[in-house]
Amino acid sequence: MFSSLFSTAPPVDPKAPNLFPVSEKSDLLGELEAKDLEWTCAGGFVTETQIFYHFLQDGTMLMCQVIHSSIGLWYPTIQFTCKIYNPTTKETTWRSVNVTNFVTPPPGLDKRSSKADQFSITYKPSSDGSHPEMYTIRANLSDDLQVSLDVSRPSAVPGFKIGKGPKGGFSYFGSDQQKPDGYVVHRFWPRTKASGHIIHNGRAITAEGHGMLVHAIQGMRPNLIASRWNFANFQSDAYGGVSAIQMEFKTLDTHGRHGAGSGGVTVNVGSLVLGGKLAVVTAETGWSDEAQPEKAAVMSRAHHLNPVHDPDTGYMQPTAVEFRWAGSPLLQGVEGSVDASLHLDVGSPSSPKGLIEKVDVLAEIPYVIKTMVNYVAGTKPYIYQWQDKVKLAVRGPDAIIPGLSEGLEIEGVIYTEASFIS
């Protein structure tokens with residue numbers, strides 16, 4: 001109390017911005033440096049995660065994730081989670097293991113790699129020039145589930161973050177960007193190739209396909225960052241490889257460009273891989289006091305359509321979701337603009353379409369986090385997970401894909417999440 005009476009720091013204007021979204025950066029493409037994919041394992045209230053999503057040749061979705069959760073002064077909790085979903089049989093396999101003896105870096109490696117008693121994820125250069133770098137994932141998750149996967153990045157699809165340099169990718173919370181109250185950062189490999197196998201119930205399953213990688217950090221309590229999240233991962237093997245990804249969060253009222261009470265800001269980042277090349281990177285901010293134009297030079301948007309009350313969760317569930325991308329081509333010598341969209345019908349709570357699961361977050365997080373930190377503050381977070389076949393409508397220069405100027409509908413698979421935090 002006494003230090004505040006004699007403080008020489010200037011007072012903070014209560015109407016000053018206390019959110020600095022990464023989506024406001026003008027230099028959208030920041031190619032990843034080695035350090036960007038290193039584990040930070042920061043203390044305080046920080047959740048850091050590395051997630052590999054892949055669609056196998058039969059349409060099966062395979063997700064492998066490492067989550068490092070720091071809770072104040074408590075020893076961090078590290079989980080390895082794996083979800084396998086077969087859309088034909090509707091069978092879901094799920095494992096969540098609190099791992100032991102987690103280390104990064106393992107001996108002889110850098111901090112892009114990690115290992116524990118139950119898994120190892122090793123980053124290394126690849127001998128295949130068309131896919132110059134890769135991760136190997138080896139996980140023994142239970143007596144009836146083991147995963148062995150090699151995940152590589154195509155040379156024509158660089159990893160990216162929004163904005164260049166060491167602060168690229170960061171959205172900052174608080175009035176001082178140099179000493180923020182918290183932050184969110186995402187780094188992506190938007191198109192990857194996977195090969196390997198899964199052993200489930202004693203049976204070996206070939207795991208070949210394509211997907212993406214995201215390394216993300218939430219440097220603040222999750223309930224203070226966002227009320228909603230949307231995520232889309234579309235992949236297709238047509239036209240030499242196509243992907244369309246988005247990650248979006250909506251802040252609480254507490255953070256906006258006019259301080260507390262001006263929030264409800266939407267921060268969206270995404271990308272398009274077309275013809276096997278990273279073609280467009282997108283980022284857009286939806287300010288609470290400003291309507292977004294119907295069309296813009298750069299668009300990155302997720303829309304919930306015709307929401308209805310879901311008695312299972314208490315939230316207003318969309319009956320359809322729509323994603324939009326627009327931006328200038330990154331490819332050398334290609335002029336013009338690219339526009340893409342997809343529409344996914346997810347049905348109603350009583351008649352769902354493509355629903356994998358409604359994840360009760362409180363039932364999944366480690367007990368120590370749930371009991372020691374009341375970060376849900378009376379809320380009951382849920383994540384809706386859907387997967388289905390869709391068509392990505394794309395229009396752009398023919399130099400990217402022949403016929404693109406007339407518009408193409410590209411068939412593929414989408415995995416999408418809608419997270420409700422409060």
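1. Section: the packing of aromatic side chains
Point 1. For the structure on display, the rule yields 18 aromatic pairs.
Point 2. Judged by centre distance (5.4 Å) and plane angle (55°), the ring pair of Phe170 and Tyr183 falls under tilted. Linking Phe170 in strand β12 (residues 170-173) with Tyr183 in strand β13 (residues 182-200), this pair joins segments that are 13 residues apart in sequence.
Point 3. By way of ring pairs, the aromatic residues Trp39, Phe80, Phe102 and Phe119 are connected into one cluster.
Point 4. The ring of Trp94 has Lys83 lying over it, and the distance from NZ or CZ to the ring centre is 5.3 Å.

2. A word on the side chain of Arg153
Point 1. Within the secondary structure, Arg153 is located in strand β10 (residues 145-153).
Point 2. Looking at Arg153, the relative accessible area reads 10%, which means it is buried.
Point 3. Separated by 2.6 Å, the side chains of Arg153 and Glu133 make a polar contact.
Point 4. Side-chain polar atoms of Arg153 contact the backbone oxygen of Val157, separated by 3.1 Å.

3. Section: the pairing of strand β9 (residues 133-142)
Point 1. Among the 10 residues in β9, 7 count as buried, and that is most of the element.
Point 2. Bridge count between strand β8 (residues 119-125) and β9: 7 bridges; the pairing is antiparallel. Across the sheet, residue Phe119 finds its bridge partner in β9, namely Ala139.
Point 3. The sheet contact formed by β9 and β10 spans 9 bridges and is antiparallel. The partner of Asn140 across the bridge, within β10, is Gln146.
Point 4. If you look at the hairpin formed by β9 and β10, you'll find 2 residues sitting between the two strands.

4. A short note on the confidence of the model for the protein
Detail in the predicted coordinates should be disregarded across regions flagged by low pLDDT.
Point 1. The predicted model of the protein has a mean per-residue pLDDT of 92, with 93% of residues at 70 or higher.
Point 2. Predicted confidence is poor over residues 1-8, with pLDDT under 50, and the contacts of this stretch with residues over four places away or in other chains come to 0 contacts.
Point 3. Low pLDDT, under 50, characterises residues 367-376; the predicted model gives this stretch 17 contacts beyond four residues in sequence or across chains.

The rules behind the values
Residues numbered from 1 in each chain as written. Predicted model: local features only at pLDDT ≥ 70, side-chain atom pairs only at ≥ 80, totals over all residues. Heavy atoms only, no water. Phe/Tyr/Trp six-rings, centres within 6.5 Å; stacked < 30°, edge-to-face > 60°. Helix = DSSP H or I, 4+ residues; strand = E, 2+ residues; numbered from the N terminus. Lys NZ or Arg CZ within 6 Å of the ring centre and 35° of its normal. Buried < 20%, exposed > 50% of the residue type's maximum accessible area, 1.4 Å probe, protein only. Polar contact = N/O pair within 3.5 Å; in protein donor to acceptor, adjacent residues only side chain to side chain. Pairing = 2+ DSSP bridges. pLDDT = per-residue confidence, 0-100. Contact = heavy atoms within 4.5 Å.

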